[in-house]
Structure formats: C-alpha cells, structure tokens
Amino acid sequence: MELSSSSSGAASARRSGGGSWSSVDSVAGPFDIPPKGAPVERLKKWRQAALVLNASRRFRYTLDLKKEEQKEEVIRKIRAQAHVIRAAFRFKEAGLVHIQPKELTTPQVDGALGFGIKEEQLTALTRDHNYSALQQYGGISGVAGMLKTDIEKGTNGDDLDMNARRNAFGSNTYPRKKGRSFLAFLWDACKDLTLIILMVAAAVSLALGITTEGIKEGWYDGASIAFAVLLVVVVTATSDYKQSLQFQNLNEEKQNIKLEVVRGERRVLVSIYDLVVGDVVPLKIGDQVPADGVLISGHSLSIDESSMTGESKIVHKDQKSPFLMSGCKVADGYGTMLVTTVGINTEWGLLMASISEDSGEETPLQVRLNGVATFIGMVGLSVALAVLVVLLVRYFTGHTYNPDGSVQYVKGKMGVSQTIRGVVRIFTVAVTIVVVAVPEGLPLAVTLTLAFSMRKMMRDKALVRRLSACETMGSATTICSDKTGTLTLNQMTVVESYFGGKKMDPPDNVQVLSTTVSSLIIEGIAQNTSGSIFEPENGQDPEVTGSPTEKAILSWGLKLGMRFNDTRSKSSILHVFPFNSEKKRGGVGVHLGGSEVHVHWKGAAEIILDSCKSWLAADGSKHSMTPEKVGEFKKFIEDMAASSLRCVAFAYRTYDMGDVPNDDQRADWILPEDDLIMLGIVGIKDPCRPGVQDSVHLCTAAGIKVRMVTGDNLQTARAIALECGIVTDPNVSEPLIIEGKTFRALTELEREEVSEKILVMGRSSPNDKLLLVKALRKRGHVVAVTGDGTNDAPALHEADIGLSMGIQGTEVAKESSDIIILDDNFASVVRVVRWGRSVYANIQKFIQFQLTVNVAALIINVIAAISSGNVPLNAVQLLWVNLIMDTLGALALATEPPTDHLMQRPPVGRREPLITNIMWRNLIIMALFQVTVLLTLNFRGTSLLQLKNDNPAHADKVKNTFIFNTFVLCQVFNEFNARKPDELNIFKGITGNHLFVAIVAITVVLQALIIEFLGKFTSTARLSWQLWLVSIGLSFFSWPLAFLGKLIPVPERPLGDFFACCCPWSKRGAAADTKGDDADHSDV
C-alpha cells in the first residue's frame, strides 16, 4: 500500500504548502522529486533507497551525478584558462602602451586559401580580445576586407564561397562524443545480477547434465536456460539501443538554432551549423551570439556573458569593446557582428566539445516508478527466498516427488552430482522468480513512452527540451497564453490610421497630409525600427524582415512612399532606446545636420498619448493637446481596440545637438520622452488562428482553464478573447479581465485570490506574468505558460511547464522553457497536453499489466512449491513470461497514441497515486482469475484434462505445459484489457497502434513454436488441438470477466488512504490535505 499512500501524502503537502516544493520535503518519501530543479541531495536520496539488480541499466536515463560534477570542473578550468590568457595579454598590452608606444609593429599577415588572414591569427585576435591587433589589421573594415566581406551586404552567399570559407577557417561545429554502440547496450544488459546467476546455474546444469546423462541428452537443461537468458539480453539491448538513438536525434534537433545572416545584401535564415567566418549576423535582444566575432555597429547593445565567464554581469559592447563571445546572450539593444572564428576555435566550441556527453535526466514519474519497482522487488525477493527454503527443505527431507511418484532425494542412495543437479534446479527456479518479480524494466518503461511521445510530438510541432515536461503537461490545470502569434496568426497589417488629427481612408492615403508631416512619419518609421528592407535593383518588390509588428509598419511605410535606404541616409542615429516590454515603447535620436535633432517614439498608443503635449495637424501646424483632443484620440484608440486592432502611436520632439552628450557619455543618455508631439496612430489587425476556439473549448472540457496574458490594450485583449472563446460575456469586468498595473498593485494574498478568477490580463509586463504564475502555483495549480520574449524567461522558468515559441521566440526564452512550440500555434499546446496525459496513462496501463503477471506468477509458484515441492513454471518458461511482460509488454502498451477520451477527464494530479482504485480493481480481478484457474489445473489438472490413463511422467509434463500455455495466453488477452483500464470497449482505436498488434501476433506465434517444436529446451510437451482450444477458451474468459469487472464501482478515495492509520506521516499528509482547494486534482 506504500505505492499509493506515499504519493497522496506528498500531494497533500503540496496543496497545503503552496507551490513550493520545500514543504513537501518533510513528508514526501525518497521517491518524490520536484519536476524542476531537484537538489542533488534529493537525487542521491532516491538512488540510495532503490533496490537495483542492474545499476547500469536502471540508471542509464537518469542524471549521472558524478559526471555532472566532472563537467562543472571542466567548465571551471576552461573559464579560468580563458581569464588567465586574457588577463596576461591585457597586462602585456598595457605595458607596451605605457612604456614603448612607438615600437608597436603591425602583425605579420599571411593569407590562407585566398583570404588575407589565417585561421590561427583570427582565433588569437578574438580569444585574447586583442584590440590593438584589431586596429593594426585596419579595424573591423580591414578584417572584413581580408575576409572578402562587405560589412553592409555580407558575403555573396554562393556555394563556392561558403566551401572556401569552411576549408580555410573550419565549420561551426565541434567534435561530439559518439553515441554508445549496440555492443555497449548488450554488455549493460548482461550486467544484471540475476541473469549472471542464471548463466552460472546454466553452466553448472550443463556440466552436470553432460556428466550424468551424456552429451546427447544432458545438454538440454543448461543450454535452454542459457538461450533464454541470451534472448532476454538481446531483446533488452535492442529496445534500449533504439531509445538511445531517438534521444540522440532529439538532442541534435534542440541544438540546431536557426538565425538570420546577411548574404548577397539580403537577410536569410540559416542553421547555426551553416555559419561561416566572414558572415555578417544581425543581433537583437534575446539572441544567442552564434560564433566569436567583432561588433560592426550596435545600439545600446548589452551582452550577458555569464555562460562563458560564470559571472552574471551584463557587459556593454561598442566600438571600444567590440569582441563578442559565442554562446553568450544579447541582454539588450541590437547590432550586427562580423564572424571571425567558428566551431572548435571558439571558447564555447571548446567548452561544448569538452562536455559533449549526453547527460540524462530523471523525471518525477521515473523516480516514483523506481519506488514501485523497489517495493515489488522486495516482495519478490522475500517470496523467492521463501520458495528456495521450502523447496530445499522438502527436497532433503524426501517430500519432493518425481512425476511417477518416486521420491527425488533418498539420503545415502544419491550421487553427489545428482544431488547438486537437484539443488541447482531448485536454486534456478528461485532466481527466476526474482527475475520475474523485480521489474527492472518498469522505470525504463517511462523512458520508452517518453522517447516515443517526444518523437511523435516533433511531428505535432512541439520540441521537448526537458523530459519531465512531458509528464507535467498531463497535470496542467491552467494555461497562461500569449495573444500575439499563439492565439492569433501573427500576420499583421495596418488596416486603420489616424494622422493629422483625422482618420485616413484608406490608411495609406498620404495625399491628405502635407510633405512636412509625411516626411516626419516616414523618418520615424525608417529610423525607429529593428526591422529591415531589402530593395532589389531589378525592380522586384522590396523584401521586409523583422518582427511581425515591425514588418506591418514598414510595409505600411512603403505604401506611404518611403524609400528605406534613402530615408536612413538623410540622418544619422545618435542613440537608440530599444523597444521595451516593460515601458511598451521604443525611441531613437537622429541627427539631421547642424544642430537639428529629432527624437522619435513609437509604442502603445495610450502610453505615448500620455507623454504628448501637442499634436501635428495635416497641414503641418502644431496644436496644443487640449482635453477635448485627448478625448478624441482616446475614442479612436477605443474604437480600434474594440475591433481587436493593436494600436501603435507615433510621436516625436525636436532637440538641440548641443544638449546631446558627447560620444563617450552617449551610451548613458536617456532619450527625452516628455513634451512629445503626436503624429498619429495606426491600428494593426492580427486575425485569430482558425480552430483556436475549438482548442480552447477542448481545454475547458478537459478541466484546464485558459487565460490570456497580453501586452495589448485591455479593449483589444477583450475583443480577441471573445473571438477565441476564452471570454463569453462581452460585458465582463474586473477581476475576470484586469490590467497588469492593477494586478501588480494588489497585495500578495489579494493576488492569490484574484488569480483564480482572471481570464484576461491586458497591458501586462513580463513581471506581471511572473506574479500571476507565482500566485496560481501557490493556489495549487499546475501552470503552463507560453512566452517568446527575453523578459518572459523568469515566468517560463517559474512555471511548471514553460512553453516558448519556435518562430518568434528568442534564444533566451527557448533556453528557459521546457517545450518549444515550433509553429507558435495554440492548437499545438493542446496537442502537448494530450501527449502529456498519454504518457501517464500508458505507464499506468503497463503497471496494471505487469503487476497482474507478477502477482499471478508469484502466488502460483509459492502455493505449488509449498504444497507439492514442485513448481508448474520452470526457469526457461518464467524467463519467456518475463520477456513478454518486461520488454514486449512495455513496447506494446507504452506506445499507445493519445485518444480523445484523455481530454474528457480532469487533469492527472501531479501527486496522484500511480496505482489508482480502478487499476487495483482490474488487477485483483484478473490476478484472482488467473491464480484460481492455474492452481485448479495444477492440483486437479490430470483428471480435468482427462490424462489419468497416460504415463504419469508424460501426463504431468502435458499438464504443466497446459498451465504454461494458458498462463501466457492469459497475459496476451489481458494485454488487450490493459489498453483501456476504464473503458468497456477494449478494441477502440486498436488499428491505430500497429506495434501493439504486431507484438501480440509475435508473442502468439512464438508461443506456438515453443510448445510445438521447442519442447526439449522448455521441458514442454506438444498439445493436441483440443487442449489448444481449451487453453484459448480459458484465456478468452479474461475479456468478459474484465468487462463485468469494469461495471463494479470503486471509491473515489485512494486505496492508500484507507491504510493511512498505519503510517503516522500519512496522517499528517491527510490533515494537510483538508487545507487544499478544488484547484488541485491529486485525488482524481
């Protein structure tokens, strides 16, 4: 009963202790670990508590704690080495600068393969951050010239050029450790202690058999055990090897980052592995620096170098500090870089090559199953020991009989070899009972179903970064989703505009505006953007790149007559305030010549409007922003928002060049954002994704609440929420629909209360999203959160499941997430929930199936051993049963695809007992049926099967063969029952699982071969067709019995709770349980 009570206690603790896992520590068993960030002590604790007979196999897909420590040590050494090299070089450089400035010589440049500089020179330049050498090479433009790169247009991008660069400077890959070979998995499978003992027993049996019976007859016993063991080893190794290959492929997919590079004047999307030296790479906030390089140009560019230096310090990059290290993240701003070193020549490549071992990761379910395996294993060991003692006592006291009725052991009359052979046979049976009883494959069944699910989820546009997320997603009670790109299509277009104090119809009707106004608008669009436009020389349509919002605004600018490159060349950028999701706006200061400076702002309409003191009329005249005009602007914003449009305002102000800080201090210049002049507002349409309403309804039916968290205006958010089906009442008000700042202003307790009711949060900042996640988790919810921006990283990390966006998501967001939604679609999020529930359901099916076999096999052998001194199932037969149960059973049941039925019930409680009351009911009914049938056959089989007239030895062999055959066929029929533990129709969807059908067919065919042709090896006799029919008929009875059993109601309270009185800590857990609320589903 430990199986269910331990988990329910932990569930109670989680509920009463809020979202924190620290509260669970006091009551949780050793086999309970948090889904994220488990401390090393907890990981060590469960390993010490687990009963393991083959550590190399059992712990293969778990975290290797020793290797983790070694990895950290390697990282520390490489970082220290890099620090020492740079520090020594800077010390030397400083000495040269101050002592002998005139003696500095230009480094000897020796070109490589047609380029003006060698690989090692570039490596030394970047690794040492050698600024003086960079100057001596002619600065960034000099290095670019040597690399035959135009810093504006990039490389030419043809295949010949790319290959030449790879040959000269290497590719952006690093040596990876080869995956383990099949032979390594074979060796691991051979390390199983029980199998080793059986092989020894087989060798002894073989030797004794040949000695006593001669080579012609005496080799069967030993050889058959050895063959059965080898079969188990090969099947196990094959299954594990296939899983390993799947994980390798998924790991490679995770590391294959896609990024933009400038080639042939245009921005193209390439794999990080295709990057070459000389490439020009645009960088923006949240990106990963893909290789070592130097900064060509940038605005407010700050880099988080903690992944390389180990220090969480943000470093500002400019022309005086231009060196960029691979693997670091862009914390703020944007810019372009020139790639100078790639792959193993970078510190990041060296680091990854040094630690490129696939580290495992244990999941909570995997660890809990180790607990189940330990519990069953202990019972099995006790039973095996009892059987061994009973059989030995009966053997040596003369109470064990041969089939013909003669005593097997007569003191003083038996030879030593004959006696040893009898003992070895008994010992072999006891060890085989251990093999069947200790389910080493149970925790690995989780890995198998996870590997299967992860592969299938890739097809469903979801890339799993953390295994545990697959499981946790099945327990999700709420999804906090972004609006843009997830619930909507992210195909933005400007459909309304309000400039010069009036609505423009159509929105690009620039003729109604004076040249002054239109030129200011175009200047603001072209300069205050992180997007780009490529204008082909052959007259083709311009190519617009950037975020969807930027692309919509730039495309609208083109319709206004904007010439992007011409407009940008008319003024120079002084300073940039990159768009910030906290402030909801971005700005730029541009110098037009002389003392004239324009500061342009663009952002959330109502926020920009609050900073405006005047507005520009269509004729270019400036007017004061009166309360009436403010009301007019607000009315237009509200009308656009009600039509589910995103409202973006444009404003500017003039400034004097004399007031602008000089170059050295300009990085700290705070752009003026007061006294702005309103230019106008655009309304951007982003249509809802088709089918999103169905997905939301599906979640609601599955007991999952969908909440929309967006940075958009509250009215826009309300309109989209109505379209998506998240909100059904158009007049809904607080707290169901709330602004971020209102939620932020509440106390912690108030936030917890309100968070339960929130359906839509508008004008939210990333910090508001984080506060919402924390509040919901404290209420006991299992929270899934979507995010795409760098600032979403804390919320993605805090949530139980962080879901980042594959298209719009930044690398920082992706690294903080657990699952990447490759198509940014909410429907894919719902599919992930289905797979999460499927993982849990499949494991439960396998547990039910395996425990039925365990219980039946143990009871049959124990009772038979105690009563008669013989067991009906011998070692070879039990090994075959073990193979059906452990490996083939796992393959058949752990690969069941998800069904709609899974989405018609509440979420799986994160701490719900693994063995539910429904499973106990099914298990007990089936085990009782099998035990009753087989024991009846064991004691009364000779008469029931009408074998009394046969030779006693042959009759006994036929009876035992019939028992073995019926037992195996019972498992085959029960495999169908296990598919649908709580549904009456066990054949529903069976045609969709070809693997299940194939495994059942293979099992039946092999069983027929064993009975009919391999009798010498398995100690079986051929069965007549009448006995085959009777065997099939008895086994078939499993189906109607299971059907009737499912009509028996079960109590909702977990079975473990009824035994809580025996376990003091369970009482504490139950007491804590009363403090929980409906948000938790741990007793579902």
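Residues numbered from 1 in each chain as written. Predicted model: local features only at pLDDT ≥ 70, side-chain atom pairs only at ≥ 80, totals over all residues. Heavy atoms only, no water.

A.B. asks: Whenever I open this one, the overall build of the protein confuses me. Can you help?
C.D. replies: Check the secondary structure of the protein and you find 40 helices and 26 strands. In the protein, which comprises 1084 residues, the share counted as buried stands at 57%. Intrachain contacts of the protein at a sequence separation of at least 6 include 74% that bridge at least 24 residues. Per element, the accessible surface of the protein, about 44,300 Å² overall, is 58% carbon and sulfur. (Helix = DSSP H or I, 4+ residues; strand = E, 2+ residues; numbered from the N terminus. Buried < 20%, exposed > 50% of the residue type's maximum accessible area, 1.4 Å probe, protein only. Contact = heavy atoms within 4.5 Å. Areas by Shrake-Rupley, 256 points an atom, 1.4 Å probe, with all protein chains shown as cover.)

A.B. asks: What's the story with the sheet that holds strand β21 (residues 705–709) in this structure? I'm lost.
C.D. replies: Sheets are built from strands paired through backbone hydrogen bonds, the pairs being either parallel or antiparallel. In space, the 8 strands of this open sheet follow the order β8-β26-β25-β24-β9-β21-β23-β22, with mixed pairing throughout. Edge positions in the open sheet fall to β8 (462–464) and β22 (737–739), since each of these has one partner strand only. Adjacent strand axes in the sheet meet at a mean angle of 20° when their direction is disregarded. Summarising the sheet, β22 and strand β23 (residues 760–762) pair through 3 bridges and their orientation is parallel. Across the sheet, E739 pairs through a bridge with G762, a residue of β23. (Pairing = 2+ DSSP bridges. Axes fitted to C-alpha atoms, helices over the stretch in contact; angles between N-to-C directions.)

A.B. asks: What exactly am I supposed to notice about the side chain of E896 here?
C.D. replies: Topologically, E896 is positioned in the loop between α32 (875–893) and α33 (917–944). A relative accessible area of 2% means that E896 is categorised as buried. A distance of 2.8 Å separates polar atoms of two side chains, one belonging to E896 and the other to R979. For E896, the residues in contact, after removing those within four places along its chain, are F452, S838, N842, K845, R979, N993 and F996. (Polar contact = N/O pair within 3.5 Å; in protein donor to acceptor, adjacent residues only side chain to side chain.)

A.B. asks: How do you make sense of the pairing of strand β19 (residues 645–656) when you look at a structure like this?
C.D. replies: Burial analysis of β19 places 9 of its 12 residues in the buried class, which makes it a mostly covered element. Judged from the 9 bridges that link them, strand β16 (residues 596–604) and β19 form a sheet pairing that is antiparallel. Bridge pairing in β19 links H598 to T654. Relative to strand β20 (residues 676–685), β19 runs antiparallel, the two sharing 8 bridges. When the sheet's bridge partners are listed, L645 is paired in β20 with K685.

A.B. asks: Looking at this structure, how should I read the packing of α32 against helix α34 (residues 952–979)?
C.D. replies: Axes are the key here: two packed helices are described by the angle between their axes and the distance separating the axes. Viewed as axis vectors pointing N to C, α32 and α34 meet at an angle of 15°, and their least axial separation amounts to 11 Å. As summarised for this structure, α32 and α34 are arranged roughly parallel, according to the angle between their axes. Handedness of the α32/α34 crossing: right-handed. Within the contact between the two elements, α32 uses Q877, W880, V881, I884, L888, G889, A892 and L893 and α34 uses F964, F967, V968, E975, A978 and R979. For the contact of α32 with α34, the per-class residue count stands at 10 nonpolar, 2 polar and 2 charged. (Parallel < 35°, antiparallel > 145°, perpendicular 65-115°, else oblique. Left-handed = near helix turned anticlockwise from the far one by under 90°. Nonpolar A, V, L, I, M, F, W, Y, C, P; charged D, E, K, R; others polar.)

A.B. asks: Sorry, what's going on with the nonpolar core here?
C.D. replies: One broad trend across soluble globular proteins is that nonpolar side chains are buried collectively. In this structure, L879, F964 and F967 are the most contacted members of the largest nonpolar core, which totals 81 residues. In this view, L879 contacts L195, L198, I225, A228, V229, V232, T432 and V435; residues no more than four positions away in its chain are not counted. In terms of nonpolar packing, the next biggest core, distinct from the first, is built from 71 residues, A462, M473, I801 and I821 among them. (Core = buried A, V, L, I, M, F, W, Y, C linked by side-chain atoms within 4.5 Å.)

A.B. asks: Where do I start with helix α8 (residues 159–169) in this structure?
C.D. replies: An α-helical segment advances 3.6 residues per turn. Residues three or four places apart therefore align on the same side. What α8 keeps buried is the set D161, M162, R165, A168 and F169. Buried residues of α8, viewed axially, fall in a sector of 135°; they line one side. Exposed residues lying more than 90 degrees from the buried face of α8 are D159, L160 and N167. In this fold, the buried residues of α8 make contact with α5 (119–127) and β1 (258–263). Sitting at the head of α8, D158 places a side-chain oxygen 3.3 Å from the backbone nitrogen of L160. (Arc of directions from axis to C-beta.)

A.B. asks: How do you make sense of the packing of helix α27 (residues 748–755) against helix α28 (residues 766–778) when you look at a structure like this?
C.D. replies: Here α27 crosses α28 at 80°, and the two axes come no closer than 8 Å. For the element pair α27 / α28, the angle class is roughly perpendicular. Together, E748, R751, E752 and S755 of α27 and L771, L772, A775, L776 and K778 of α28 make up the contact between the two elements. Residue composition of the contact of α27 with α28, grouped by class: 4 nonpolar, 1 polar and 4 charged.

A.B. asks: How should I be thinking about the packing of aromatic side chains in this particular structure?
C.D. replies: Pairs of aromatic rings are described using the distance from one ring centre to the other and the angle between the two planes. Under the criterion given, the structure shown has 20 aromatic pairs. Plain terms: the ring middles of F185 and Y241 are 5.8 Å apart, the flat faces sit at 65° to each other, and that makes the pair edge-to-face. Placement of the pair is F185 in helix α9 (residues 182–190) and Y241 in helix α12 (residues 220–255), with a sequence separation of 56 residues. On the basis of relative accessible area, F185 is assigned to the buried category, the value being 1%. With centroids separated by 5.4 Å and ring planes inclined at 65°, the aromatic side chains of F1036 and W1039 adopt a geometry described as edge-to-face. Note on F1036: relative accessible area 40%, which makes it partly exposed. Put simply, the rings of F973, F976, F987, F996, F1036 and W1039 pair up and form one aromatic cluster. Above the face of the W601 ring, R585 is positioned so that its terminal group lies 5.9 Å from the ring centre. (Phe/Tyr/Trp six-rings, centres within 6.5 Å; stacked < 30°, edge-to-face > 60°. Lys NZ or Arg CZ within 6 Å of the ring centre and 35° of its normal.)

A.B. asks: Please explain a nonpolar patch on the surface as it appears in this structure.
C.D. replies: A cluster of nonpolar side chains, namely I1002, V1005, L1006, L1009, F1013 and L1014, defines an oily patch on the protein surface of about 530 Å² accessible area. By the element assignment, L1014 lies in the loop between α35 (994–1013) and α36 (1015–1018). (Patch = residues over 30% accessible without salt bridge, like charges linked within 9 Å, V, L, I, M, F, W, Y side chains within 5 Å. Salt bridge = Lys/Arg side-chain N within 4 Å of Asp/Glu carboxyl O.)

A.B. asks: Is there a simple way to explain the environment of G327 in this structure?
C.D. replies: Tracing the chain through its elements places G327 in the loop between β6 (323–324) and β7 (329–341). Sequence separation between G327 and S307 is 20 residues, and the spatial gap between their C-alpha atoms is 6.7 Å. If sequence neighbours within four positions are ignored, G327 has contacts with Q288, V289, S307 and W348.

A.B. asks: Is there a simple way to explain the pattern of salt bridges in this structure?
C.D. replies: Inspection of the entire model under this criterion finds 39 salt bridges. Here the salt bridges share partners, and the residues they tie into one network are D482, K769 and D792.

A.B. asks: Can you walk me through the confidence of the model for the protein in this structure?
C.D. replies: Atomic detail in the predicted coordinates should be set aside for any region of low pLDDT. Mean pLDDT for the protein: 81, with 85% of residues reaching 70 or above. In this model residues 1063–1084 is a low-confidence stretch, pLDDT under 50, and it forms 47 contacts with partners more than four residues away in sequence or in other chains. (pLDDT = per-residue confidence, 0-100.)

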